[in-house]
Amino acid sequence: MPQETFSSMKKFKKRFRACLKENSGRANALERYFSHGGIIRIDSNKKNSSEWPLLVYPTKLRLRALLKEKQASLNSLNSKKKQWERKFREAKFYDFVHGIKKFSQPLYWKHLAKSLRDKDYKEKAEKVGLPVQLVSDKRWQPMVRMFLEDKDYRKQLTETVENSIVYKGNKKVARYANELLHFRKTESKRKITELDKKINELKEIVFVLQELMRWASE
């Protein structure tokens, strides 16, 4: 069986222009396949025919293996995307969720009570920007507890915020919570965009392989 190898749409189009009009979907898939560096071998008996020549390579077996591999990669990427979407949602609604959860925390009510009866405590809490609204978050809860219960810690933290170069320009402890939240949102969006690009590329490859499978099975 005489065979011919093609690695570009230009060469294939020149040789089998008539058959391209008969199946534009396959023609489109073949063009994409070539753009990804693909190579095909065909039975070149049908010269200048409007019928598509027989696809010899890649074989059905090879295409099936490639499809399985690409589909597994696609599933993996979709799973990672869902994880990052969940992280983005958590970051997006972080303030809202913890703004509600704080009311279930005894520590929050202790802070309010102490603020009402202890003027010095209230002033220091405001001065350092104590993240009491995030008291339900285990990351910030120990700081709030220490500030509430330990006078020496309260004094030390206040002095640190007032005098340390770290807090120059923004003398609020809570700014780190805001910066961390902003980083999580930004990083999540970046990862989702990156994964979307890879997913779309893989979907295109899967489409191409499926079209070639239909061709190879004829």
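Predicted model only: the values in this text are computed from it and were never measured.

(A) Summary view of the overall build of the protein chain. Per the secondary structure count, the protein chain includes 10 helices and three strands. Counting from the amino terminus, the protein chain carries its helices and strands in the arrangement β-α-α-α-β-β-α-α-α-α-α-α-α. Computed over C-alpha atoms, the radius of gyration of the protein chain comes to 32 Å, more than 25% over the 17 Å expected from 2.2 N^0.38 for 218 residues, which places it beyond the range of a compact globule. C-alpha atoms of the protein chain, sized along the principal axes, occupy 95 × 35 × 25 Å. The 218 residues of the protein chain split such that 38% are buried.

(B) A look at the pairing of strand 2 (residues 40-43). With four bridges connecting them, strand 1 (residues 3-6) and strand 2 associate as antiparallel partners. Paired with threonine 5 across the strands is arginine 41, a residue of strand 2. In terms of strand pairing, strand 2 meets strand 3 (residues 55-57) through two bridges, oriented antiparallel. Opposite isoleucine 42, over in strand 3, you have leucine 55 as the bridge partner.

(C) Structural view of the packing of helix 4 (residues 60-92) against helix 10 (residues 175-216). Contact geometry of helix 4 with helix 10 gives a least axis separation of 8 Å together with a crossing angle of 160 degrees. Taken as axis vectors, helix 4 and helix 10 run roughly antiparallel relative to one another. For the crossing formed where helix 4 meets helix 10, the hand is left-handed. Of the residues in the contact of helix 4 with helix 10, the class split is 19 nonpolar, five polar and 16 charged.

(D) Structural view of the side chain of serine 136. Examined against the element boundaries, serine 136 turns out to sit in the loop between helix 7 (119-128) and helix 8 (141-149). At a separation of 2.5 Å, a polar atom in the side chain of serine 136 contacts the side chain of histidine 98. If we ignore the near neighbours within four places in the chain, the residues touching serine 136 are His98, Lys101, Lys102, Gln105 and Gln141.

(E) Main features of the layout of surface pockets. Put simply, the largest pocket is a space of about 260 Å³. Residue assignment for the lining of the largest pocket shows that the elements contributing at least two residues are helix 3 (24-35), helix 4 and helix 10. Residues that form the lining of the largest pocket fall into these classes: eight nonpolar, three polar and three charged. Here the second largest pocket defines a volume of roughly 230 Å³. Surrounding the second largest pocket, 13 residues form its lining, Lys87, Glu90, Ala91, Tyr94 and Arg184 being those nearest its centre. Those elements that provide at least two residues to the lining of the second largest pocket are helix 4, helix 5 (94-101) and helix 10. Element by element, the count of residues in the lining of the second largest pocket is highest for helix 10, at five residues. Taken together, the residues that form the lining of the second largest pocket break down as six nonpolar, two polar and five charged.

(F) Quick look at a nonpolar patch on the surface. On the surface, a nonpolar cluster with roughly 390 Å² of combined accessible area is contributed by Phe93, Phe96, Val97 and Ile100. As for its placement among the helices and strands, phenylalanine 96 is situated in helix 5. Its relative accessible area of 56% is what places phenylalanine 96 among the exposed residues.

(G) Quick peek at empty space enclosed by the protein. In the structure shown here, the tally under the stated rule is one cavity of 30 Å³ or more. Roughly 50 Å³ of volume is contained in the largest cavity. Looking at the lining of the largest cavity element by element, the count peaks at four residues for helix 10. Considering only residue class, the lining of the largest cavity consists of five nonpolar, no polar and three charged.

(H) Just the sheet that holds strand 3, in detail. Here three strands make up an open sheet; going across it, the order is 1-2-3 and the pairing antiparallel. With partners counted over all chains shown, the strands left at the sheet margins are strand 1 and strand 3, one partner each. Taken over all neighbouring pairs, the strand axes of this sheet differ in orientation by 35 degrees on average, direction set aside.

(I) Geometry of the nonpolar core. Counting 25 residues, the largest nonpolar core has Phe12, Leu30, Phe34, Ile40, Trp52 and Trp215 as its most contacted members. Among the elements that take part in this core, helix 10 stands out by supplying seven residues, more than any other. With residues up to four places along the chain from it excluded, the contact list for leucine 30 reads Met9, Phe12, Ile40, Trp52 and Trp215. Ranked by size, the runner-up nonpolar core spans 21 residues in total, among them Tyr94, Tyr108, Ala125 and Val173.

Criteria and cut-off values
- Residues numbered from 1 in each chain as written.
- Predicted model: local features only at pLDDT ≥ 70, side-chain atom pairs only at ≥ 80, totals over all residues.
- Heavy atoms only, no water.
- Helix = DSSP H or I, 4+ residues; strand = E, 2+ residues; numbered from the N terminus.
- Rg over C-alpha atoms; globule rule 2.2 N^0.38 Å.
- Buried < 20%, exposed > 50% of the residue type's maximum accessible area, 1.4 Å probe, protein only.
- Pairing = 2+ DSSP bridges.
- Axes fitted to C-alpha atoms, helices over the stretch in contact; angles between N-to-C directions.
- Parallel < 35°, antiparallel > 145°, perpendicular 65-115°, else oblique.
- Left-handed = near helix turned anticlockwise from the far one by under 90°.
- Nonpolar A, V, L, I, M, F, W, Y, C, P; charged D, E, K, R; others polar.
- Polar contact = N/O pair within 3.5 Å; in protein donor to acceptor, adjacent residues only side chain to side chain.
- Contact = heavy atoms within 4.5 Å.
- 1 Å grid on protein atoms, 1.4 Å probe; cavity = no way out; pocket = protein on both sides within 12 Å on 5 of 7 lines; lining within 4 Å.
- Points joined across faces, edges and corners; volume = space filled by probe spheres on them.
- Patch = residues over 30% accessible without salt bridge, like charges linked within 9 Å, V, L, I, M, F, W, Y side chains within 5 Å.
- Areas by Shrake-Rupley, 256 points an atom, 1.4 Å probe, with all protein chains shown as cover.
- Salt bridge = Lys/Arg side-chain N within 4 Å of Asp/Glu carboxyl O.
- Core = buried A, V, L, I, M, F, W, Y, C linked by side-chain atoms within 4.5 Å.

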